[in-house]
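Structural overview for review
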Amino acid sequence: MKLRLAALVAAAMMAAAPAMADLVVPNLSYRTGPYGANGNQYADGFNDYFTLLNERDGGIGGQKIQVPECETAYNTEKGVECYESTKGQGALVYNPFSTGITYQLIPKASTDKIPLYTPGYGRTSSKNGKVFEWVFNAPANYWDGASVIVKHLLDVNGGKLDGKKIALVYHNSAFGKEPIRTLQELGKKHGFTLTEIPVDPAAAQEQKSQWLQIRREKPDYVILYGWGVMNQAAIQEAANVKYPMENLIGIWWAGGEVDVEPAGAAANGYKSVNFNGAGTSYPYYEQLKQHVIDPGKASGGGAHVGKAMYSRGMYAALVIAEAIKKAQELSGNPNVTPAQVRDGFEALDISEARMTELGLPGFGQPIKITCDNHGGTGMARMQQWDAAAKEWKSISDFIEPDQEILTPLIAADSEAYAKENGITPRPCS
């Protein structure tokens, strides 16, 4: 009896864990709490891309992909717990989907030799691959986003921002604080004055004092580094104080349908920066419909397919899948290790031709990663909300960030991190 019970327990454990031959890519998601509306969409896009590869192609290189999902609730402690509880399942790479969690996982994952992929979030200076060997944040980072927004403002102001006032309304966390130094340096270069206005996460839905300050000080532009319900509240309060919506510009995490739809027509004209496409007009979605949606295998029932945040989660999965594919090519082995996936990331070259093959022409800029550049070009474009059509419309080409400002900042921050943590930057030939 005891032997039979032990066998049953062992069988249950084996059924619950991914098969050892499978490629394991955990999904550290958050579907609950004040960030759940955004997190749901991203997690669904992430899941669906791997489901498509499994259903249509039999996985990657003949190996099925397992995507065990672990709820973090956007809580750093829970995120670390999810990492610790899933890494033993054979995890090849992590996409923590939280700047706070990423900051905690960088030293852990580097010690465990498991790559982190943090597109558009996390520690910006991890773009420096000489210091952050196990972290990749292409195609763009927070400082790129701030610079692209300022370049857009230069474009609409005849190339000059002298004497302009810009306010930064930011989530009072590691995420929201990321662009401050960049905007300060850009202000010195272009002659604008920066006002920093924090919003505590616990009071994200109550921003009356912040927007009364904006009404009083009348900044020419407001840049929004928000997330979750904070974005909805900010856009609604901007409308309440009659702030010109076209002068309110969000980072890509404040550029989803869920952010603008609650304000209805009042959100018309709101802008955000974005590094990926949105909508279902790409050929990719025909394949998704055939192999995932119609058979009833879409994550979340397919409710968010094509939305901006869904698209970004899908894009993250695409880049991870391409890195795994490259790792298989380099190693000659379909059952790759985390270290080999790291090598795959560092040799990644996703061209426009490859994006077209994947059914996503024009969706994002080509991504080329090298030993010393783990962040790509950082290019992004501006989008604007059309409330009547209920869709985002691109209003610019891809814009290159100001590397004259950003390169020294990344070098200084990464070098300081290396010194604090006893890291000797590796040579890159």
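Residues numbered from 1 in each chain as written. Predicted model: local features only at pLDDT ≥ 70, side-chain atom pairs only at ≥ 80, totals over all residues. Heavy atoms only, no water.

Looking now at the pattern of salt bridges. With the rule as written, the count across this model stands at 24 salt bridges. Between Arg181 and Glu185 there is a salt bridge, with the nearest N and O atoms lying 3.5 Å from each other. With Arg181 and Glu185 both in helix H7 (residues 180-190) and 4 residues apart, this pair spans about one turn of that helix. (Salt bridge = Lys/Arg side-chain N within 4 Å of Asp/Glu carboxyl O. Helix = DSSP H or I, 4+ residues; strand = E, 2+ residues; numbered from the N terminus.)

Moving on to the packing of H7 against helix H15 (residues 403-420). One way to put it is that H7 packs onto H15 with a least axis distance of 10 Å and a crossing angle of 140°. Overall, the two elements H7 and H15 adopt an arrangement that is oblique. Along this stretch, H7 crosses H15, giving a crossing that reads as right-handed. Along its contact with H7, which presents Arg181, Thr182, Glu185, Leu186 and Lys189, the element H15 presents Glu404, Ile405, Leu406 and Leu409. For the contact of H7 with H15, a count of residues per class yields 4 nonpolar, 1 polar and 4 charged. (Axes fitted to C-alpha atoms, helices over the stretch in contact; angles between N-to-C directions. Parallel < 35°, antiparallel > 145°, perpendicular 65-115°, else oblique. Left-handed = near helix turned anticlockwise from the far one by under 90°. Contact = heavy atoms within 4.5 Å. Nonpolar A, V, L, I, M, F, W, Y, C, P; charged D, E, K, R; others polar.)

This next bit is on the environment of Trp211. The topology assignment puts Trp211 in helix H8 (residues 208-217). With 114 residues separating them in the primary sequence, Trp211 and Lys325 have C-alpha atoms 48 Å apart. Excluding its chain neighbours within four sequence positions, the residues that come into contact with Trp211 are Val169, Val222, Ala234, Glu237, Ala238, Val241, Tyr243 and Leu248.

To continue, consider unusual backbone geometry. Of note, the amide linkage connecting Ala138 to Pro139 takes the cis form, showing an omega dihedral of 10°. If you trace the backbone, Pro139 turns up in the loop between strand S6 (135-136) and helix H5 (142-156). Phi at Tyr74 is positive, roughly 60°, even though this residue is not glycine. Within the secondary structure layout, Tyr74 lies in the loop between strand S4 (69-71) and helix H3 (76-86). Tyr74 sits in the buried class, given a relative accessible area of 16%. The phi torsion at Lys113 lies on the positive side, around 60°, for a residue other than glycine. Of note, Lys113 is situated in the loop between helix H4 (99-112) and strand S5 (116-117). (Buried < 20%, exposed > 50% of the residue type's maximum accessible area, 1.4 Å probe, protein only.)

Moving on, we come to the state of the cysteines. Under the definition given, this model contains 2 disulfides. Here Cys371 engages in a disulfide with Cys428; their sulfurs sit 1.8 Å apart. Disulfide Cys371 to Cys428: torsion about the S-S bond roughly -65°, handedness left-handed. Taken together, the residues span a long stretch of sequence, with Cys371 in the loop between strand S13 (367-368) and strand S14 (381-386) and Cys428 in the segment after H15 at a distance of 57 residues. Judged by its relative accessible area of 16%, Cys371 is buried. Shown here for the chain is a disulfide pattern of 1-2, 3-4, where each number marks a bonded cysteine counted in sequence order. (Disulfide = S-S within 2.5 Å.)

The next thing to look at is the confidence of the model for the chain. With 95% of its residues at a pLDDT of 70 or more, the chain shows a mean pLDDT of 94. Residue range residues 1-20 is modelled with pLDDT below 50. Its contacts to residues more than four positions away, or to other chains, number 3 contacts. (pLDDT = per-residue confidence, 0-100.)

Another point: the pairing of S14. With respect to burial, S14 is a largely interior element, 5 of its 6 residues being buried. The pairing of strand S11 (residues 271-274) with S14 spans 4 bridges and is antiparallel. Across the sheet, residue Val273 finds its bridge partner in S14, namely Met382. Between S14 and strand S15 (residues 391-394), which pair antiparallel and follow one another directly, the connecting turn spans 4 residues, one of which, Lys390, has a positive phi of 55°. (Pairing = 2+ DSSP bridges.)

Spatial ordering of the open sheet is given by S8-S7-S9-S10-S11-S14-S15, a layout of 7 strands whose pairing is mixed. This sheet does not close on itself; its edge strands, each paired only once, are strand S8 (193-199) and S15. Geometrically, the sheet is characterised by an average inter-axis angle of 30° between neighbouring strands, direction not taken into account. Direction of pairing for strand S7 (residues 165-171) relative to strand S9 (residues 221-225): parallel, over a ladder of 5 bridges. Bridge pairing links Tyr170 to Tyr225 in S9. The strands that H5 touches are S7, S9, strand S10 (248-250), S11 and S14; relative to S9, the one it contacts most, it runs at about 160°. Each of S7, S8, S9 and S10 is contacted by H8, which is oriented at about 160° to S8, the strand it contacts most.

Bringing a positive patch on the surface into the picture now. Taken together, the side chains of Lys165, Arg215, Lys218 and Lys242 present a region of like positive charge at the surface. For Lys242, the position within the fold is in the loop between helix H9 (229-240) and S10. Overall, Lys242 belongs to the exposed group, its relative accessible area being 72%. (Patch = residues over 30% accessible without salt bridge, like charges linked within 9 Å, V, L, I, M, F, W, Y side chains within 5 Å. Areas by Shrake-Rupley, 256 points an atom, 1.4 Å probe, with all protein chains shown as cover. Lys, Arg positive; Asp, Glu negative; His and termini not counted. Charge placed at Lys NZ, Arg CZ, Asp CG, Glu CD.)

A separate point is the packing of aromatic side chains. Applying the stated criterion across every chain, the model contains 29 aromatic pairs. Seen from their ring centres, Tyr315 and Phe363 are 5.1 Å apart, and the 80° between their planes marks the pair as edge-to-face. Taken together, the residues Tyr315 in helix H12 (residues 308-331) and Phe363 in the loop between helix H14 (352-357) and S13 connect sequence positions 48 residues apart. Judged by relative accessible area, Tyr315 falls into the buried class, the value being 3%. (Phe/Tyr/Trp six-rings, centres within 6.5 Å; stacked < 30°, edge-to-face > 60°.)

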